[in-house]
Each structure stands twice: as C-alpha cells, then as structure tokens.
Amino acid sequence: SDSHPPLYFIMLKIYSIVFGRTESALRLLSVLGVLALAALGTVPVRRIFDKFTGMIYSFCVIAVPISLSIGQETRMYTWAAFFVTASALYGYLAVQQGKTSDWVKFGLTTLASAFTHYYALLAVTILNALLFVWLLAKFIIKKEKKNLNILL
C-alpha cells in the first residue's frame, strides 16, 4: 500500500523469500545497497579517474554518517542512491567512450532508478536532459569542425 514505485518492494520480496523475514535480514538489503554504492568505486569511478580516486570514493561512501543512518532502515534510499549514481557514472562513460556495454548499463540503471523512488526518477530525468544537451553540443561542434575543414 506504499505510494513509491515497485522495484524495491519486488527486490525485498525476493530477498525475504531467500533470507527470511526477520528484522535484521530485511535491513540487510539496505546495507547491501550501501555496499553496492561503495562498489561503484571499483569499476566506473576507477575507469573515469584512477584506482586511488576509486578507493577514496568507496571509503567515503562507507564512512559518511548518512550511509550508516539509511543503511539501518528497511527502505529504498540506499538502492535509489546506487541506481542514480551508477546511471550518472555509466552515462558519462557512455558519452565519453561510446561503448555499447556502458550505454546498456546506463539504460538499465536509469530504468531501475525510475522504478525505485520518485526523487530518483527526477534525478535521472535531469541527468538524461544534461546528457542529451552534451551529446547535442558534441554533434554541433563536430559538424562545425567538419564544415570548417571543407572550407579550408
């Protein structure tokens, strides 16, 4: 009877079938969301920056007090943060490097964000608009350079 999008509740139902419905077991799903958010430092953050920055990112995610606070609740906030952050990172990588796998990860995490929380939907809507403007600007600059080369 909650008004939020259904993805977290579907994940929680599957998780509770496997691990039980105890309070600590249900809260562990939120802790896994924090760990998934921290794990982004090992792949996309590392690819964008470097290994050291990825380690600092992961440490900061685990060390900040809000992670401890929201990690204790049986709510979708940790997973919403994971999906939105992953969407932003893979969107950046997709535009920069153009790899199909990054576009797929970007699309899946964007959809997961939209189906996890309304604020996550708002965040990825803004993210998609910014990426569209960035792609449009890249296209215009590329076309201008091509026209300039033809003139020269």
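Structural data are supplied above this passage.
An account of the accompanying structure is given in this report.

Analysis parameters
- Note on numbering: residues in each chain are counted from 1, in written sequence order.
- Restriction of local features to residues with pLDDT of at least 70 applies here, the model being predicted, together with a cutoff of 80 or more for giving and counting side-chain atom pairs; totals for whole chains, interfaces and linings are based on all residues.
- In computing side-chain properties, one takes all heavy atoms of the structure into account and sets aside hydrogens as well as water.
- Salt bridges are identified by distance alone: a Lys or Arg side-chain nitrogen within 4 Å of an Asp or Glu carboxyl oxygen.
- By the criteria applied, helices consist of DSSP H or I runs no shorter than four residues and strands consist of E runs no shorter than two, each listed in order from the N terminus.
- Partly exposed describes any residue whose relative accessible area lies between the buried limit of under 20% and the exposed limit of over 50%, with all areas from a 1.4 Å probe on protein chains only and scaled to the type maximum.
- In protein, a polar contact means a hydrogen-donor-capable atom and an acceptor-capable atom, both N or O and within 3.5 Å, with residues adjacent in sequence counting only if both atoms are side-chain atoms; elsewhere, any N or O pair within 3.5 Å suffices.
- A fitted line through C-alpha atoms represents every axis, and for helices the fit uses only the stretch in contact; the resulting angles, taken between N-to-C directions, go from 0 to 180 degrees.
- Put simply, angles under 35 degrees are roughly parallel, angles over 145 are roughly antiparallel, angles from 65 to 115 are roughly perpendicular, and the rest are oblique.
- Crossings are assigned a handedness: left-handed for a near helix turned anticlockwise from the far helix by less than a right angle, right-handed for a clockwise turn.
- Contact between two residues is taken to exist if any of their heavy atoms lie within 4.5 Å; hydrogens are not considered.
- Amino acids outside the nonpolar list (Ala, Val, Leu, Ile, Met, Phe, Trp, Tyr, Cys, Pro) and the charged list (Asp, Glu, Lys, Arg) are all regarded as polar, and Gly is one of them.
- To estimate how far a helix should extend, the number of its residues minus one is multiplied by 1.5 Å.
- Take the buried residues of types Ala, Val, Leu, Ile, Met, Phe, Trp, Tyr and Cys, join any two whose side-chain atoms come within 4.5 Å, and each joined set is a nonpolar core.
- The aromatic pairing rule takes the rings of Phe, Tyr and Trp, using the six-membered ring of Trp, and pairs them if the centres are within 6.5 Å, calling planes under 30 degrees apart stacked, those over 60 edge-to-face and the rest tilted.

## Observations concerning the pattern of salt bridges
Step number 1: Considering all chains together, one arrives at two salt bridges under this definition.
Step number 2: Across the pair Asp 102 and Arg 47 runs a salt bridge whose closest N-O atoms are separated by 2.8 Å. Pair noted here: Asp 102 is in helix 7 (residues 100-114) and Arg 47 is in helix 3 (residues 44-48), with a separation of 55 residues, a long-range link.
Step number 3: Classification of Asp 102 as buried rests on a relative accessible area of 0%.
Step number 4: Assessed through its relative accessible area of 29%, Arg 47 is described here as partly exposed.

## What to know about the side chain of Ser 67
Step number 1: Structurally, the position occupied by Ser 67 is in helix 5 (residues 65-71).
Step number 2: Only 2.4 Å separates the side chain of Ser 67 from the backbone oxygen of Val 61, close enough to count as a polar contact.

## What to know about the packing of helix 6 (residues 77-97) against helix 7
Step number 1: Put simply, helix 6 and helix 7 touch, their axes get as near as 8 Å, and they point 155 degrees apart. Taken together, the axes of helix 6 and helix 7 are roughly antiparallel relative to one another. Considering only the axes of helix 6 and helix 7, their crossing is left-handed. On helix 7, the residues touching Phe 83, Val 84, Ala 86, Ser 87, Tyr 90, Gly 91, Leu 93, Ala 94, Val 95 and Gln 97 of helix 6 are Asp 102, Trp 103, Lys 105, Phe 106, Thr 109, Thr 110, Ala 112 and Ser 113.
Step number 2: Residue classes in the contact of helix 6 with helix 7 are distributed as 10 nonpolar, six polar and two charged.

## Some points on the side chain of His 117
Step number 1: Structurally, His 117 can be placed in the loop between helix 7 and helix 8 (118-151).
Step number 2: We classify His 117 as buried; its relative accessible area is 8%.
Step number 3: One polar contact links the side chain of His 117 to the main-chain amide nitrogen of Tyr 119, over a distance of 3.0 Å.
Step number 4: If we skip the residues at most four places from it in the chain, His 117 touches His 4, Pro 5, Met 76, Tyr 77 and Ala 80.

## Considerations on helix 6
Step number 1: For helix 6, which comprises 21 residues, the first-to-last C-alpha distance of 30 Å matches the rise-based estimate of 30 Å (1.5 Å per residue) to within 8%.
Step number 2: Immediately downstream of helix 6, the backbone of Gly 98 shows phi near 70 degrees, a positive value.

## Some points on the nonpolar core
Soluble globular proteins tend to pack their nonpolar side chains together in the buried interior.
Step number 1: Counting residues in hydrophobic clusters, the biggest one holds 26 residues, and the most contacted among them are Leu 40, Trp 79 and Phe 82.
Step number 2: Looking at this core, the element that brings in the most residues is helix 6, giving eight residues.
Step number 3: If we ignore the near neighbours within four places in the chain, the residues touching Trp 79 are Tyr 8, Met 11, Leu 29, Ser 30, Leu 32, Gly 33, Ala 36 and Thr 116.

## Topic: the packing of aromatic side chains
Step number 1: Inspection of every chain in the model, using the stated rule, returns seven aromatic pairs.
Step number 2: Judged by centre distance (5.8 Å) and plane angle (75 degrees), the ring pair of Tyr 8 and Phe 9 falls under edge-to-face.
Step number 3: Overall, Tyr 8 belongs to the buried group, its relative accessible area being 0%.
Step number 4: With centroids separated by 6.0 Å and ring planes inclined at 80 degrees, the aromatic side chains of Trp 103 and Phe 106 adopt a geometry described as edge-to-face. Of the two residues, Trp 103 and Phe 106 both sit in helix 7, three residues apart, roughly one turn of that helix.
Step number 5: Trp 103 sits in the partly exposed class, given a relative accessible area of 33%.
Step number 6: For Phe 106, a relative accessible area of 7% translates into the label buried.
Step number 7: Among the aromatic side chains, those forming a connected cluster through ring pairs are Trp 79, Phe 82 and Phe 83.

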